[in-house]
Number of protein chains: 8
Amino acid sequence: MTIQHILECVQAGSLSIEEAEGLLKDKRFEDLGYAKLDTDRKKRTGFAEVVFCSGKTDEYLLHIYQSIYQENGEVLGTRATEEQYNFLKEHLPQIQYDSNSHIMKIENKEKKRIGKVAICTAGTADIPVAEEAAQTAEFFGTKVHRIYDVGVSGIHRLLAKVEEIQEANCVVAVAGMEGALASVLGGLVRTPVIAVPTSIGYGASFQGLSALLTMLNSCSNGVAVVNIDNGYGAGYLATQMNRLAVSGSGEY
Amino acid sequence: MTIQHILECVQAGSLSIEEAEGLLKDKRFEDLGYAKLDTDRKKRTGFAEVVFCSGKTDEYLLHIYQSIYQENGEVLGTRATEEQYNFLKEHLPQIQYDSNSHIMKIENKEKKRIGKVAICTAGTADIPVAEEAAQTAEFFGTKVHRIYDVGVSGIHRLLAKVEEIQEANCVVAVAGMEGALASVLGGLVRTPVIAVPTSIGYGASFQGLSALLTMLNSCSNGVAVVNIDNGYGAGYLATQMNRLAVSGSGEY
Amino acid sequence: MTIQHILECVQAGSLSIEEAEGLLKDKRFEDLGYAKLDTDRKKRTGFAEVVFCSGKTDEYLLHIYQSIYQENGEVLGTRATEEQYNFLKEHLPQIQYDSNSHIMKIENKEKKRIGKVAICTAGTADIPVAEEAAQTAEFFGTKVHRIYDVGVSGIHRLLAKVEEIQEANCVVAVAGMEGALASVLGGLVRTPVIAVPTSIGYGASFQGLSALLTMLNSCSNGVAVVNIDNGYGAGYLATQMNRLAVSGSGEY
Amino acid sequence: MTIQHILECVQAGSLSIEEAEGLLKDKRFEDLGYAKLDTDRKKRTGFAEVVFCSGKTDEYLLHIYQSIYQENGEVLGTRATEEQYNFLKEHLPQIQYDSNSHIMKIENKEKKRIGKVAICTAGTADIPVAEEAAQTAEFFGTKVHRIYDVGVSGIHRLLAKVEEIQEANCVVAVAGMEGALASVLGGLVRTPVIAVPTSIGYGASFQGLSALLTMLNSCSNGVAVVNIDNGYGAGYLATQMNRLAVSGSGEY
Amino acid sequence: MTIQHILECVQAGSLSIEEAEGLLKDKRFEDLGYAKLDTDRKKRTGFAEVVFCSGKTDEYLLHIYQSIYQENGEVLGTRATEEQYNFLKEHLPQIQYDSNSHIMKIENKEKKRIGKVAICTAGTADIPVAEEAAQTAEFFGTKVHRIYDVGVSGIHRLLAKVEEIQEANCVVAVAGMEGALASVLGGLVRTPVIAVPTSIGYGASFQGLSALLTMLNSCSNGVAVVNIDNGYGAGYLATQMNRLAVSGSGEY
Amino acid sequence: MTIQHILECVQAGSLSIEEAEGLLKDKRFEDLGYAKLDTDRKKRTGFAEVVFCSGKTDEYLLHIYQSIYQENGEVLGTRATEEQYNFLKEHLPQIQYDSNSHIMKIENKEKKRIGKVAICTAGTADIPVAEEAAQTAEFFGTKVHRIYDVGVSGIHRLLAKVEEIQEANCVVAVAGMEGALASVLGGLVRTPVIAVPTSIGYGASFQGLSALLTMLNSCSNGVAVVNIDNGYGAGYLATQMNRLAVSGSGEY
Amino acid sequence: MTIQHILECVQAGSLSIEEAEGLLKDKRFEDLGYAKLDTDRKKRTGFAEVVFCSGKTDEYLLHIYQSIYQENGEVLGTRATEEQYNFLKEHLPQIQYDSNSHIMKIENKEKKRIGKVAICTAGTADIPVAEEAAQTAEFFGTKVHRIYDVGVSGIHRLLAKVEEIQEANCVVAVAGMEGALASVLGGLVRTPVIAVPTSIGYGASFQGLSALLTMLNSCSNGVAVVNIDNGYGAGYLATQMNRLAVSGSGEY
Amino acid sequence: MTIQHILECVQAGSLSIEEAEGLLKDKRFEDLGYAKLDTDRKKRTGFAEVVFCSGKTDEYLLHIYQSIYQENGEVLGTRATEEQYNFLKEHLPQIQYDSNSHIMKIENKEKKRIGKVAICTAGTADIPVAEEAAQTAEFFGTKVHRIYDVGVSGIHRLLAKVEEIQEANCVVAVAGMEGALASVLGGLVRTPVIAVPTSIGYGASFQGLSALLTMLNSCSNGVAVVNIDNGYGAGYLATQMNRLAVSGSGEY
């Protein structure tokens, strides 16, 4: 309902001033006191709200999952623990948990997946973050092609996969330690590379800082960076770009 | 020419072993000794090579501009100084320089611009970086909508522009100091936000570090970050995304 | 007792030299050997001493609570653990503990609360720090209005509350991750915004450093920053400002 | 004009839908293309817009000074250079420049100053930042008491001034090097201490980082910190607090 | 098999196009889906792949050990835990574990060790890292001379060993805290010093950062630095240098 | 035995070449393979070797305590755990452990303590570090005057003790958080102030970094800094200075 | 005049209340408005005030030099520029300037120098900082023995000087780059080593941070650290220690 | 002359005690007061002393060049300025200066170059650092193969040169920005890779820190790192390794 439309209704008398005022004050959220569920988000951004499970108490988490499930018929959560899953499945038996990506979700099974994004990792230790990206993208309807363990210490492994990667609408590069994968990929494709530094490493990797700086300073073009270990954010961005390619806009 | 095709030619005898070896060794660059011009880049990535002028000697710069101009009929350079421009225009009179964005270019005038990207700044001091982004995107054929000075200290200025911004295929958010603009934009649109931290600020802004961290930690989704003051990189990414939306792929 | 008054008493003979010397040497504390209780503090600053419980042994803590309780009839402690509470309630059965804010206190019930401060959080994870601020302010006699989960990723939630916030004598903005809430608030109110960065986040949030830098570099005016997770300090400052507004001075 | 009022006018037919839509879209700024002057700011925050002169071109600066002067009859700018002053005084002969604080202003002379804030420095090298604070506060109608060079290396100098400081509605503590002044002051007064770290120092002062951390970690309560060298921000906050004390609210 | 040779075979008809294509696409790895074992590595670099055990699940680890063992008849792993060892020895009874260096390996016993490298530590706490270096070098066929606890706080201990150290083909200097050992050694020998900072220390050692910076800034020449606690990398580099000295090239 | 003396003995034939060579090669340590006990240290520096217990295995620790005890009749160790103490007291029943300072020692009871050093703390949480300093100094024969909990948030507590502090041969200032105590002390005494930053604090204290920087940047003169939490080092330096004052040199 | 004495005078009537109040308020400084000269300092600390010339205007500097010269008959300033010297010598012709140490002073020639401190540098580039230390110590009456260019890259140069160094009452170690000199010296002497990191170096020396961390983490005991490039502070501390050794206290 | 030999001479009476004492005190340097030329260095390390010209005064520099030239018949200096060259060539007309590498030298022309090292750069901006490495190695008798501008953004350029690189005795990888070149090279060769981070870049490259961290965290083995921009150090190490390969030891 646009501002113009609300005003027309007021002029036409089909909307009281109080009702219009409420609408105009943007009461587009559900106020639970301790939280304000952003129920307007899907309309505004094309994505329903996702639950960041880390640190939430069991009761809160259950309540939030139930609310979003009721509204959308499905719900996605990230950084969930085994313990949280055990608690929630008592009340939401259809809930699923993946101990690798730490994603906990109830997913509408009949979803169609569109387009294609490629998700690459430098090593096997980067897979949990890559899976968070992949499963997020899949939840939001994106086809994902996984290409793992193609780090630059054995560059022939990556080069053997270049053609597959070039076919995707965008590429996610997940790497810890020195994070050089994103730069090499950036020089090989025409689509954006979403670079995800991981905290894999030790010593002067400083919990992912080294990979983060590498990616920000990439000598290749077309490299966009997200926070350390932020697989979710990468999956979200990849979905946005994939939608652009498939529908010509962010609409879905 | 695919590997398969080269091999068929060898088998068929239409290609000598030396010729095939050369092709297979990927001699897809021009070796000038001190530099190896990546003449294959446009085919591979959809973008011709761009010149990073900062710190290059006048002679080198002239040589590189001439080579790329000869190959592509146009050439884009970033971070050029007034002095470099004065030297080059003696030999390349059609060259243009913009002292705000520090872009120095020879541009094919009949270029058609497609799609739409929105480029927003928090303050007026961020405009030079925004212009580097805007003019890069325009050089590569992207329509740009500039929305400057809409920082969060007066949020109503941004809110008044939201609908215009939502129409773009992607949004570039350029901000220094605390860099909060990207987060607010991320919550308002369905397309990716390319966040460019700038070095505008003083004291604990630490030359852009503060804005960089803000953008990496955005509580909004769909925020992709580039290096501090990297307007060029943002314009490049915006062009990639815009092409995805217009052509359904990175092709152009 | 001013210096002048002490000297007059000495001159008049109503005070011995030893007594006067003691008074002048500022023996305004109780020396327990391992600690020097600042019994003069309430007179000097308008606030009785508050106990920072973290890391104190049970015996010390009990002793300190008993001393302050004896002197003031109430006592406030922050960063207390469940274990400390369990030990102290054996000896001080009237003690109260809030596991959310980690505040442990004995409070004089008949306290009147004055004025009004607004305490806002960006997300639900910031609530424990906000509660430390709120309960500290309330203990010191301040009326608190809580407005939680109004972070900038859904700016309409904040805008719907602006008028309530503008009525307060000062505003506390509690936010982790990128901490942009303080900047947006700073542009909307005429009173000081006390910004509390929290350690909520991961990766490049660097345990609150990102939010801290954001708040220090706020492009809005009137933003005053305290240490990461320092809800107590914010509640203290808010009380000082509220008292200024109510009584025209820091007096209470 | 409240939302309710606009709606009533629409209902009554005294406002067309287009007019109402414009008003509701919050067109509360002047759009100059490269800048959006926040003409609503004084009403919203109690302070007119202040010009951050650093890095602005002469022409822009002149234009901005003229616009604000026209609107408010006075104008305040910070971090101006001698050169900027020389340019502007050609067109605005009544302009004043102070080479110590780098403040450049046109000030309405008949302003009444209210209340009292104390501004203290640790050393003489901190005076330029302190003067930025003092002159900002004075411009906004605050009475300022300057107490300079009372750093903790000779604590008796500070102690001799305590009573004067305690009379102020708030205290600004300006210090570089180790910045201990704020902590000592925090323990001596009942009003907020606004701590301004300065970049005075060398080596491990890291351009003010040392003083900044000191102030954030103050063992005293009631210490609120602003950015390094941000005298302006301190003067603004001090004015807000002073107004709270004088008028019982931020109103002025 | 060189490119030239493959092409000759194609021309001669002794290799089908498909076979040649496969060879040219560099399928020099075993693709297990979640991992791509770099089976070409030994031929390319002179070293078989080494397992970084930290964080790998038991099943993955077992699988990888079995694969490499099958291919090479031996296998080296670093940063293994006691628990991983207990699991693997059930299936690979010939496996050995050293709880000091955290090396877990199956080693071909009849290996001949060549040349000589000296491995020095500053203190006894640096020994685990030194042992990782020493045992890595020994696994790859290098003779190791251990000289432990010769830090600079008692320089006579080091000076008494100088002649032994000078006989080695290269020197590994392992030190935490201030890491000065590498500088002193660099001034005493004609061969490279491989400097390994360790995380031994506390406070301003910042988990090895202090020693790392010391070593990078060594006033002595010939000091090459590896990551903090990277004993493995030092043992690898020492082996490379030792091979250069023994065979006149990196061949082994 | 000086070089000259050794040579005279050789010339005189009272020392064989082998014996002299051994002496000249400075075999002034006991080589245990994994460690080289610096038995020459007491002669060289005036202090016997002290054991840094943290991270040492029980067996090593016992061996080292026994060796040093045998040589010196007493032994001092720092950063010992309760567990280490329980193990060692089985074999060395005369051993003593202080759970506050984490010092574990066997001490010759008839030691005379000389001179005077003052050890001050800002808060009670700094006492463990202060006790490490105090008990180290006492072990090495220094008289210690403890003045705890005199931080700058209640400056009158410190001022009441100034005369006692001025009588000491040097002052140790132990403080966490913002660490301002050292600066205030530096301005009040004529002897060196040994500043010990502690890791007490949270948030932007960054585990003692804030206090460390404060102390390095002290605006007072005569402040010498040691590592974060390095009470032992402060006690050692205090003893050196006290010996200078008592004996006119570092001799003891 | 002690408090007791003042009170007795008041009691005896020989001091009026106003006079006594003034004395008790510690008016032990000269208030010039912009500065408060600490004229009590020499009595309190044994050292007259020293001028930090950097950044002071010519007029201020002249005024301060004249005031201190008048009071003490001599004056010491550090970090003076050639320009400041040229200005001051017009008015104070007896002033002396050393362009190496940047010390500018008027010195009482008949000063007797006592005791002995050794000042060592690692390289020749560290000499300016060492000279600041040496000339400061000499100004305050200390005999200085200079031993320059004895860095650890050629350890034999240092070892040849050990006996000379051991004779000093304390040692100053001045070093940039990796700063290992302090650790080696700490293991060789029985007196305190005052370590001065310098900003000499490049790259990862981070303007002296590397040397600073090295010195703070020294594995040797008895190393006390001052700020980067703080030769003055080292000369001051060395003088304090030398006085302790010569007079048995800090008295002079 | 070994210790044993000196002692035998003393015993035999062919050496006086004073002479022997001098020899044993290691007077292996020339003491110029302000500097101690390490004339023993070539014998000890195989390399004569090299002059770090940066920041040295003209007179000192001339003196040092003359002394070393006299002793060795040639002299190498790094980081020299055009101005220093202009001054020195007046007195040493045979001196040569390269404005690219900033090397200033007098070189013995008949030097034979041995072995082979490959020096690679990522971009053209890295060439000055690479030339410092190359010319240092050449001065010390090493054959250098330069392969410039083969950064990973166009990986085919590097792959086309792999065979040439694999023939070298070691590889120097010079790269700024994200510095990924070293990792890719490490995976392709069997000899050590000496990684030199450069300060080329901007924003989050933090003057070379990004490249430095990348190289320290390389996922490839056999990567040894030197300080940022330390071409000289890399050339020195490359020479050491080349000598190992050619002569089987560091001897030359």
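Residues numbered from 1 in each chain as written. Chains lettered and ligands numbered in written order. Predicted model: local features only at pLDDT ≥ 70, side-chain atom pairs only at ≥ 80, totals over all residues. Heavy atoms only, no water.

Colleague: What is the right way to read the arrangement of the chains from this model?
Modeller: Left apart from each other, chain B and chain G have a closest C-alpha approach of 15 Å. For chain C and chain H, which are not in contact, the least C-alpha distance works out to 13 Å. (Contact = heavy atoms within 4.5 Å.)

Colleague: Just checking my understanding: could you explain the relation of the copies chain G and chain D for this structure?
Modeller: Put simply, the two copies of the chain differ by a rotation about an axis and a shift along that axis. When chain G is fitted to chain D, the best match, at an RMSD of 0.1 Å, comes from turning it 90 degrees and sliding it 0.0 Å along the axis. The transformation relating the two chain copies, once decomposed into turn and shift, fits a four-fold axis. For chain G, the residue whose C-alpha comes nearest the rotation axis is G:Phe206, separated from it by 7.4 Å. (Least-squares fit on C-alpha atoms with pLDDT ≥ 70 in both.)

Colleague: Would you mind showing me how to read the relation of the copies chain A and chain B here?
Modeller: After a rotation of 180 degrees and a shift along the axis of 0.1 Å, chain A superposes on chain B with an RMSD of 0.2 Å. Both copies of the chain, as the preceding transformation shows, are related through a two-fold rotation axis. Looking at the interface residues of chain A, 100% of them are also at the interface in chain B, so both copies use one shared face.

Colleague: Please explain the confidence of the model for chain A as it appears in this structure.
Modeller: Low pLDDT means the predicted atomic positions in that stretch should not be read closely. Taken residue by residue, chain A gives an average pLDDT of 90. The fraction at 70 or more is 94%. Our summary of model confidence lists the complex with pTM equal to 0.90 and ipTM equal to 0.88. (pLDDT = per-residue confidence, 0-100.)

Colleague: I tried to follow the packing of helix H4 (residues 58-72) of chain H against helix H5 (residues 82-91) of chain H on my own but got confused; where do I start?
Modeller: Geometrically, a packed helix pair is captured by the angle between its two axes and the distance between the axes. Residues and elements named next belong to chain H. Closest axis-to-axis distance for the H4/H5 pair is 10 Å, and the angle between their directions is 50 degrees. By the angle between their directions, the pair H4 and H5 is classed as oblique. When you trace H4 past H5, the crossing you get is right-handed. Only Gln84, Phe87, Leu88 and His91 of H5 make contact with H4, whose side of the interface consists of Asp58, Glu59, Leu61, Leu62, Tyr65 and Gln66. Its residues assigned to classes, the contact of H4 with H5 comprises five nonpolar, three polar and two charged. (Axes fitted to C-alpha atoms, helices over the stretch in contact; angles between N-to-C directions. Helix = DSSP H or I, 4+ residues; strand = E, 2+ residues; numbered from the N terminus. Parallel < 35°, antiparallel > 145°, perpendicular 65-115°, else oblique. Left-handed = near helix turned anticlockwise from the far one by under 90°. Nonpolar A, V, L, I, M, F, W, Y, C, P; charged D, E, K, R; others polar.)

Colleague: I would appreciate a short explanation of empty space enclosed by the protein in the present structure.
Modeller: In this approach a probe as big as a water molecule rolls over the atoms, and the regions it shows empty are the leftover space. Residue and element names in this part refer to chain B. Counting across every chain of the model gives ten cavities of 30 Å³ or more. Of all the secondary-structure elements, those providing two or more residues to the lining of the second largest cavity are helix H3 (41-45) and helix H4 (58-72). At four residues, H4 tops the list of elements feeding residues into the lining of the second largest cavity. Classifying every residue of the lining of the second largest cavity gives three nonpolar, three polar and six charged. (1 Å grid on protein atoms, 1.4 Å probe; cavity = no way out; pocket = protein on both sides within 12 Å on 5 of 7 lines; lining within 4 Å. Points joined across faces, edges and corners; volume = space filled by probe spheres on them.)

Colleague: How do you make sense of the pattern of salt bridges when you look at a structure like this?
Modeller: Close approach of charged atoms lets side chains of opposite charge pair. Within this structure, the stated rule accounts for 80 salt bridges over all chains. Here F:Glu74 and F:Lys111 are joined by a salt bridge, their closest N and O atoms 3.0 Å apart. Of this pair, F:Glu74 sits in the loop between helix H4 (58-72) and strand E4 (75-78) while F:Lys111 sits in the loop between strand E6 (103-106) and strand E7 (114-121); the two residues are 37 residues apart in sequence, bridging distant segments of the chain. When its relative accessible area of 14% is taken as the criterion, F:Glu74 is described as buried. Exposure remark for F:Lys111: the relative accessible area of 21% places this residue in the partly exposed category. If you follow the salt bridges from partner to partner, you end up with A:Glu74, A:Lys105, A:Glu107, A:Lys111 and A:Arg113 in one network. (Salt bridge = Lys/Arg side-chain N within 4 Å of Asp/Glu carboxyl O. Buried < 20%, exposed > 50% of the residue type's maximum accessible area, 1.4 Å probe, protein only.)

Colleague: What should I look at first to understand the packing of helix H10 (residues 209-216) of chain B against helix H10 (residues 209-216) of chain C in this one?
Modeller: Running from N to C, H10(B) and H10(C) cross one another at 125 degrees; their axes reach a closest spacing of 9 Å. In terms of orientation, H10(B) lies oblique with respect to H10(C). H10(C) is crossed by H10(B), and the crossing has left-handed handedness. Along the contact surface, H10(B) presents B:Ser210, B:Leu213 and B:Thr214, while H10(C) presents C:Ser210, C:Leu213 and C:Thr214.

Colleague: Even after reading the chapter, I still don't get the side chain of B:Arg190, so can you show me in this structure?
Modeller: Secondary-structure assignment places B:Arg190 in the loop between helix H9 (181-186) and strand E10 (193-197). One polar contact links the side chain of B:Arg190 to the main-chain carbonyl oxygen of A:Lys43, over a distance of 2.6 Å. (Polar contact = N/O pair within 3.5 Å; in protein donor to acceptor, adjacent residues only side chain to side chain.)

Colleague: Looking at this structure, how should I read the state of the cysteines?
Modeller: By definition, a disulfide links the sulfur atoms of two cysteines through a covalent bond. Residue and element names in this part refer to chain A. Enumeration according to the criterion identifies zero disulfides over all chains in this entry. Not engaged in a disulfide, the cysteine Cys120 finds its nearest cysteine sulfur in Cys170; these two sulfurs lie 10 Å apart. Given the relative accessible area of 0%, Cys120 is considered buried. (Disulfide = S-S within 2.5 Å.)

Colleague: Can you walk me through the pairing of strand E6 (residues 103-106) of chain A in this structure?
Modeller: A regular strand places its side chains on the two faces of the sheet in alternate fashion. All names here are of chain A. Every second residue of E6 is oriented toward a common face, with Ile103 and Lys105 on one face and Met104 and Ile106 on the other, all of them buried. With three bridges joining them, strand E5 (residues 96-98) and E6 adopt antiparallel strand pairing. Across the sheet, residue Tyr97 finds its bridge partner in E6, namely Met104. (Pairing = 2+ DSSP bridges.)

Colleague: How should I be thinking about the sheet that holds E5(A) in this particular structure?
Modeller: Strand pairs in the sheet, formed through backbone hydrogen bonds, run parallel or antiparallel to each other. Residue and element names in this part refer to chain A. With respect to topology, four strands assemble into an open sheet ordered E3-E4-E6-E5, the strand pairing being mixed. Whereas interior strands pair on both sides, the edge strands pair on one side only; in this sheet they are strand E3 (51-52) and E5. By the bridge criterion, three bridges tie strand E4 (residues 75-78) to E6 in an arrangement that is antiparallel. Counterpart to Val75 in the pairing with E6 is Ile106.

Colleague: Which parts of the structure should I look at to understand the interface of chain A and chain B?
Modeller: By convention, interface size is frequently given as the accessible area that disappears when the constituent parts associate. Taken together, the contact between chain A and chain B spans 34 residues of the former and 34 residues of the latter. The contact between chain A and chain B buries some 3,100 Å² in all, and 52% of this surface belongs to carbon and sulfur atoms. Remark: the boundary between chain A and chain B carries zero salt bridges. Connecting chain A to chain B are 13 residue pairs in polar contact (both at pLDDT 80 or more). Looking at the side of chain A that touches chain B, the elements with two or more residues in it are helix H3 (41-45), helix H10 (209-216), strand E11 (223-225) and helix H11 (231-247) of chain A. With seven residues, H11(A) is the largest single contributor of residues to the side of chain A that touches chain B. Within the side of chain A that touches chain B, the residues separate by chemical class into 15 nonpolar, 13 polar and six charged. (Buried area = accessible area lost by both parts, 1.4 Å probe.)

Colleague: Which parts of the structure should I look at to understand unusual backbone geometry?
Modeller: The bulk of non-glycine residues show a negative phi, and the bulk of peptide bonds are trans. You will see that F:Asp229, though not glycine, has its phi angle at about 65 degrees, which is positive. Look at F:Asp229 and you get buried, because its relative accessible area is 18%. A positive phi angle, close to 45 degrees, is found at H:Met177, a residue other than glycine. Looking at the element boundaries, H:Met177 is found in the loop between strand E9 (170-175) and helix H9 (181-186). Relative accessible area serves as the criterion here: at 29%, H:Met177 is assigned to the partly exposed category.

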